[in-house]
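Architecture at a glance
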Amino acid sequence: MSSAPVRPDPTAEPSTDDEAIAFVDLGLRDELLAALAALGYEEPTPIQREAIPPLLAGRDLLGQAATGTGKTAAFALPLLQRMPPDRATADPVALVLVPTRELAVQVSEAFHRYGKELGARVLPIYGGQPIGRQLRALDAGVDIVVATPGRALDHIARGTLRLGNVGTVVLDEADEMLDMGFAEDIEAILEHAPEQRQTVLFSATMPARIDGMARAHLTDPIRILIAREKPVAGEAPRVRQSAYLVARAHKPAALGRVLDVESPTAAIVFCRSREEVDRLTETMNGRGYRAEALHGGMSQEQRDRVMGRLRAGTADLLVATDVAARGLDVEQLSHVVNYDVPSAPESYVHRIGRVGRAGREGVAITLAEPRAHRMLKTIERVTGQRITIDKIPTVADLRNRRLELTQAALRESLLEDDLEPFRVIVESLSDEFDLMEVALAAVRLAHEATLPGALEEEEEIPQIAVRSARSGRPGHEGRGERRPGRPRSAGTTQVFVGLGRRAGVRPQDLVGAITGETGMNGRDIGSIEIADRFSLVEVPAGLADEVISGLRGSTIKGRRATVRRDRDTDGGDRRRQHR
Ligand code: AMP
C-alpha cells in the first residue's frame, strides 16, 4: 500500500459531485496528508472539499453539517495547519466548544490522530472529569482545547484557561449547545477570546437563533450547506431501503446478523477508509463469509482478481471504499450495505444505485450509529424516499431464519431429488423408530450440515431506540424503536439523581452526563428540577433504564450519585417525600 495521497483515477466514473478533488488539491501540508493516508482516507468528503480551503485562508465559516459528514476533519485539519510553528507560550491557540463530553473526547481524538506529526498538544476538558488532572495538563501547556462550555467557563474563571493567544474558536454542533442551555456560557467565553480571531460555527440545523449567533460573532463568513436539497429524487433507484441503529462496538456482529437473515446473492459493503476495509474484511472472513477487500491502495491487477472472484461466485462479500468501487458494475449484486451513514446524500444515492438496476430487485442497508440518525433523516428528505428503521435480528430471529432455510432446502429436495437410494435407510430405521423421529433426525443432520456455526455463541446485540429530533418521543412508527420486553409508551418517567444544588449541579451537568452516556439527544430530555439535595430529570419512559444505567456508571460534578426511577412517577405528587 503506498502512503502517497490518492488521486482518484481520472478514467473512473466521476463521483456525483463531478469534481474529483483529492486532499492534496486542498492545500494541506505534507504531515497532514501523510496522516490522512495512514488513516486510509481516500478522498475528502463534500464538506471537507468546501470548507478546508477558506478555513486555511483564515476566513470565518458558517457550516450546516451533521455528524457523519466529516465535519470534524473539515475544521480540525486547517486548524492544525494554522498552528504557529513557534508556539512560545503554554496557552492554547485554538478553542473548540462542543455540547457533550462524549463529543469532546471524540473531537480531541480526531485532532490527535491528524496532528500527531505536527506535535499538536490537544486536551479535552469537560464536566464530570476530576478537575485536578485538567489543571495539570493545562499547566503543562496545550495547543488546542476541546471543551464543553460549562467546564471551559469554570477554568476561565479560575484563570487556568487563558484565551489570550487563541486565534480560532470553533463552535461545534452549535444548535445542540443552544438546546442544552449553553447560550450564555458561550457568550461569556467568546468575550474572553481576542477580537481578532477566526470563528467557525457548525450546526446540523439553522434555526433563527443560530443565525443570530452567527451574525453576532462571525465576520463575513463563508456559508456552506452540505445537506442541500438537490433534487436527486428522480435519480434514486427503487430499492428496499432500511437502516439499523447500532453502537460502534456491535457493528461487525450486527453486519453478520443482518447478512445472515438477508442471505444476499452478492453484497458490497461500503466503508469510509482503507483501514476499515481491511479490518472489516478480516472480521467477516473470521465469521465465515467469503469477503474480499477492494480499496484504492490496491493495484489494478489485485482489483481485477477480486472482481473475478466475485463474478465467479467464489466470493460473496465485497468490502470497499467509494473510490475503489467507482465505475464497478456487478450483475450479481443484490445488496448494498453502508457500514456507516455516507457523508452526503449524493454519495448514498450513488452507492445504492449499484443495485436495483435494470428492473432487478435490490436492497440497501445502512448501519447507523445513534448520532448519525439525523443524517439518515437528511438523506430521506433529499431523496424523497423512506428508509425504514429495522430492529437488528435477535438470536431467535436468526434461529428461525435458519430453520426456514433448512425447510426450503428440504422442500426442494422432496420436489426434485431422486430419493430412492435412501429408502432402505428409512425402512430399516422404521422397524425400530417412529417415522416422525426418523424424519426429525434427518432434518437435524441436514440443518447442521448446511448451516454450521453454533448459535449458542451468538450474543444479543443491544437495540437502540429511535428518537425523533424534536418531540423526545420515540419517533418513526417503524419497527425498530422498541426494546424487547419494554412497554411501548409515549409517556415519560422521572429519574431521581441523588445530587442537587448543594453539590453545584446545574441542568446542563445532567444533560451533559445523560447525552454523554447514552447517545441520547439533548432534546429528548424533558423538564429538569434541581432541589437542594437531589434532582429529578424527565426522560422518555422507554429510555429510562438506559439513562439510569448510564448515570450510574458516570460521575456528576466529580461525584457518584444514587440514581433510580423516581417513585412518584406513576401517581400523585410524592415529590415532597424527597424534601
Ligand atoms: P464526523 O462527521 O466528523 O463525525 O466524521 C465521521 C467519520 O468519518 C469519522 O469516523 C471520521 O474518521 C471519518 N472521516 C472523516 N473524513 C473522512 C474521509 N475523507 N474519508 C474517510 N473517512 C472520513
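Values in this document were obtained by computation on a predicted structure and should not be read as measured data.

1. Details of the overall build of the protein
- When its secondary structure is counted, the protein shows 20 helices and 18 strands.
- For the protein, the residues scored as buried account for 53% of the 579 residues in total.
- The long-range share in the protein, meaning contacts at least 24 apart out of those at least 6 apart in sequence, stands at 76%.
- As presented, the protein carries roughly 26200 Å² of accessible surface, and 50% of it is formed by carbon and sulfur atoms.

2. Structural notes on the confidence of the model for the protein
- When pLDDT is averaged across the protein, the result is 84; 86% of the residues are at 70 or more.
- Throughout residues 1-18 the model reports pLDDT below 50, and contacts reaching past four residues in sequence, or to other chains, amount to 33 contacts.
- Confidence drops under a pLDDT of 50 for residues 568-579, and excluding neighbours within four residues, the segment shows 19 contacts in the predicted structure.

3. Details of the sheet that holds strand β7 (residues 222-225)
- Pairing in this open sheet of seven strands is parallel, and the strands run β3-β4-β2-β5-β6-β1-β7 from one edge to the other. The two strands at the open ends of the sheet, each matched to only one other strand, are β3 (122-125) and β7. For this sheet, the mean angle separating the axes of adjacent strands, direction not counted, is 10°.
- Here strand β1 (residues 61-64) pairs with β7 via four bridges, running parallel. Bridge pairing in β7 links G63 to I224.

4. Things to note about empty space enclosed by the protein
- Counting across every chain of the model gives five cavities of 30 Å³ or more.
- For the largest cavity, the calculated volume is near 240 Å³.
- Forming the walls of the largest cavity are 18 residues, and the residues nearest its centre are G127, G128, T148, Q508 and D509.
- If you list the elements that add at least two residues to the lining of the largest cavity, you get α6 (149-158) and α19 (507-518).
- When residues of the lining of the largest cavity are assigned to their parent elements, the largest contribution, four residues, is made by α19.
- Considered class by class, the residues forming the lining of the largest cavity number four nonpolar, eight polar and six charged.
- Shared between two domains, the lining of the largest cavity holds at least three residues of each, these being domain 1 (23-225) and domain 4 (492-578).

5. Topic: the nonpolar core
- Residues L97 and L171 are the most contacted members of the largest nonpolar core, which totals 53 residues.
- Mapping this core onto the domain boundaries places at least three of its residues in each of domain 1 (23-225) and domain 4 (492-578).
- Residue contacts for L97: discarding those within four places in its chain leaves A147, P149, A152, V170, L171, D172, M177, I186 and I189.
- Counting 41 residues, the second largest nonpolar core, distinct from the first, contains L55, L61, A74 and Y114.

6. Examining the site of the ligand
- The environment of the ligand is made up of 13 residues, and the closest members are Y41, Q48, G68, G70 and T72.
- In this structure, an oxygen atom belonging to the ligand sits 2.5 Å away from a side-chain N or O atom of Y41.
- When the ligand sits alone it has 500 Å² of accessible area, and the protein chains cover 82% of it.
- In terms of residue class, the shell around the ligand is made up of three nonpolar, seven polar and three charged.

7. Section: the pattern of salt bridges
- Per the counting criterion, the structure on display carries 35 salt bridges.
- One salt bridge connects R121 with D143, and the closest N-O pair in it is separated by 2.9 Å. Taken together, the residues R121 in the loop between α4 (101-115) and β3 and D143 in the loop between α5 (131-140) and β4 (144-147) connect sequence positions 22 residues apart.
- Classification of R121 as partly exposed rests on a relative accessible area of 32%.
- Via salt bridges that share partners, R248, K251, R272, E276, D340 and E369 belong to a single interconnected network.

8. Observations concerning a negative patch on the surface
- Side chains of E412, E416, D417 and D418 sit close together on the surface and give a patch of like negative charge.
- For D418, the location among the structural elements is in the loop between α16 (395-416) and α17 (423-432).
- By relative accessible area, D418 is classed as exposed at 56%.

9. Digging into a nonpolar patch on the surface
- Residues L414, L419, F422, V424, I425, V426, L429, F433 and L435 make up a contiguous nonpolar surface patch of roughly 820 Å² in combined accessible area.
- When residues of the nonpolar patch are assigned to their parent elements, the largest contribution, four residues, is made by α17.
- Relative to the elements of secondary structure, L429 occurs in helix α17.
- Note on L429: relative accessible area 32%, which makes it partly exposed.

What counts, and at which threshold
Residues numbered from 1 in each chain as written. Predicted model: local features only at pLDDT ≥ 70, side-chain atom pairs only at ≥ 80, totals over all residues. Heavy atoms only, no water. Helix = DSSP H or I, 4+ residues; strand = E, 2+ residues; numbered from the N terminus. Buried < 20%, exposed > 50% of the residue type's maximum accessible area, 1.4 Å probe, protein only. Contact = heavy atoms within 4.5 Å. Areas by Shrake-Rupley, 256 points an atom, 1.4 Å probe, with all protein chains shown as cover. pLDDT = per-residue confidence, 0-100. Pairing = 2+ DSSP bridges. Axes fitted to C-alpha atoms, helices over the stretch in contact; angles between N-to-C directions. 1 Å grid on protein atoms, 1.4 Å probe; cavity = no way out; pocket = protein on both sides within 12 Å on 5 of 7 lines; lining within 4 Å. Points joined across faces, edges and corners; volume = space filled by probe spheres on them. Nonpolar A, V, L, I, M, F, W, Y, C, P; charged D, E, K, R; others polar. Domains from an automatic or database assignment. Core = buried A, V, L, I, M, F, W, Y, C linked by side-chain atoms within 4.5 Å. Near = heavy atom within 4 Å. Polar contact = N/O pair within 3.5 Å; in protein donor to acceptor, adjacent residues only side chain to side chain. Salt bridge = Lys/Arg side-chain N within 4 Å of Asp/Glu carboxyl O. Patch = residues over 30% accessible without salt bridge, like charges linked within 9 Å, V, L, I, M, F, W, Y side chains within 5 Å. Lys, Arg positive; Asp, Glu negative; His and termini not counted. Charge placed at Lys NZ, Arg CZ, Asp CG, Glu CD.

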